[in-house]
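Single-letter residue listing:
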Amino acid sequence: MAGRLKDKIALVTGIGAGIGRGIALRFAREGATVIGCDIDATTAAATVQAAADEGLQIASVHPCDLTRPADVERYVRSASDTHGRIDILVNAAAIPPHMARAAEMDYEGQWTPTMAGEVDIVFLAVKAAWPWLLKSGKASIINFASVSAFRGSTNFGMLAHCAGKAAVLGMTRQLAIEGGPGIRANTISPGLVVTPATASAGGTDGAIRERLLERMPLKRLGDPDDIAWCAVFLASDEASWITGANFPVDGGVMAG
Ligand SMILES: NC(=O)c1ccc[n+]([C@@H]2O[C@H](COP(=O)([O-])OP(=O)(O)OC[C@H]3O[C@@H](n4cnc5c(N)ncnc54)[C@H](O)[C@@H]3O)[C@@H](O)[C@H]2O)c1
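It should be emphasised that the depicted structure is a prediction, and the values quoted were computed from it without experimental measurement.

Rules behind the numbers
- Starting from 1, residues in each chain are numbered consecutively following that chain's sequence as written.
- Reporting of local features is limited, given that this is a predicted model, to residues whose pLDDT is at least 70; pairs of side-chain atoms are given and counted only at 80 or more, and all residues count toward the totals for whole chains, interfaces and linings.
- In this description a helix means any DSSP run of H or I spanning at least four residues, a strand means any run of E spanning at least two, and both kinds are numbered starting from the N terminus.
- An expected span of 1.5 Å times one less than the residue number is assigned to each helix.
- Partly exposed residues are those whose C-beta has more than 12 but fewer than 20 other C-beta atoms within 10 Å; 20 or more makes a residue buried and 12 or fewer makes it exposed, with C-beta atoms placed from the backbone.
- For the purpose of contact definition, each residue receives a C-beta atom placed from its backbone, and two residues are in contact when these atoms lie within 7 Å.
- By definition, a residue lies near a molecule or strand provided its backbone-derived C-beta atom is within 6 Å of it.
- Each residue gets one of three labels, nonpolar for Ala, Val, Leu, Ile, Met, Phe, Trp, Tyr, Cys and Pro, charged for Asp, Glu, Lys and Arg, and polar for the others, Gly among them.
- A strand pair is defined by DSSP finding two or more bridges across the two strands.
- Fitting a line to C-alpha atoms yields each axis, with helices limited to the stretch in contact; the angle taken between N-to-C directions then spans 0 to 180 degrees.

Here helix α5 (residues 159-179) spans 30 Å end to end across 21 residues, near enough to the 30 Å set by a 1.5 Å rise per residue. Among all positions in α5, only L159, A160, H161, C162, G164, K165, V168, T172, L175 and G179 are buried. Where α5 is buried, its residues touch α4 (107-136), β5 (139-144) and β6 (183-190).

In the vicinity of the ligand there are 28 residues, among which G14, G16, G18, I19 and A197 approach most closely. Those elements giving two or more residues to the shell around the ligand turn out to be α1 (18-29) and α6 (196-200). Here the shell around the ligand is composed, by residue class, of 16 nonpolar, 9 polar and 3 charged.

Glancing now at the sheet that holds strand β2 (residues 33-37). The 7 strands lie next to each other as β3-β2-β1-β4-β5-β6-β7, forming an open sheet whose pairing is parallel. With one partner strand each, in any of the chains shown, β3 (58-61) and β7 (246-249) form the two edges of the open sheet. Across the sheet, the mean angle from the axis of one strand to that of its neighbour is 20°, orientation sign disregarded. Judged from the 6 bridges that link them, β5 and β6 form a sheet pairing that is parallel. Paired with N143 across the strands is T187, a residue of β6. Lying over the sheet, α4 contacts β1 (9-13), β4 (88-91), β5 and β6, oriented at roughly 170° with respect to β4. Relative to the sheet, α5 contacts β5, β6 and β7, its axis offset from that of β6 by approximately 160°.

In structure tokens form, the structure reads like this:
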């Protein structure tokens, strides 16, 4: 199946870790021209090297802080100056959310940075890339909502995270309305995917993992490539009649 994204110019944010890294590598294997970015220069460079080790090329702008409009502009220009259009925008970068319950959540120190790191970070990239996505004529935006956009958590205080992910879901529906017919916009809602962020938050082992697996029909946590395959489909012309949709990729958790 290699070549499903041949001739596509793809921006993938957050290529230094987790889902963004998995998508950047998978897109490159499928023939896309990938321009990544990350705030972390070391991990982004490691992803570029991992691609090179496979004989593939990924360009990357790093360090790039996507909560700063000037950095976002610089990133988008690095693609638009060379290619004159953008076909795919995958907003995988996100700042780990502050985990606090309503009673303890601090407005300035926790709520506001979580919204910036989950919602503003998507809006800013979409805004900067929009004119170049329009030039594509058949562009695809892929944003990340989450199971947390649909249900609360009994394990963690996820007030701001649940709000942020529901905001991304709503924003993406509106982008689908405003973008048609030339720009499609969809969300993927992952279940628990093993990444450095989820591992350090304590969700991928111990009792929490066991409780989660109990209600998961497919009985394993996700891998970034599980998400990347869905992103390949949504980014490709195979999905040319799909916009404003949400794809749960979660081992079946949302079914229960
Ligand atoms: N991993 C999961 O279980 C899971 C579940 C549901 C939703 N999601 C969503 O999927 C997306 C990707 O998640 P992940 O687990 O791969 O995250 P991650 O934390 O593993 O990776 C995010 C990447 O973004 C980069 N980044 C952070 N702040 C940045 C900034 N200001 N500018 C540029 N880059 C920045 C980080 O350096 C990192 O490389 C997020 O939106 C996340 O909320 C993940």
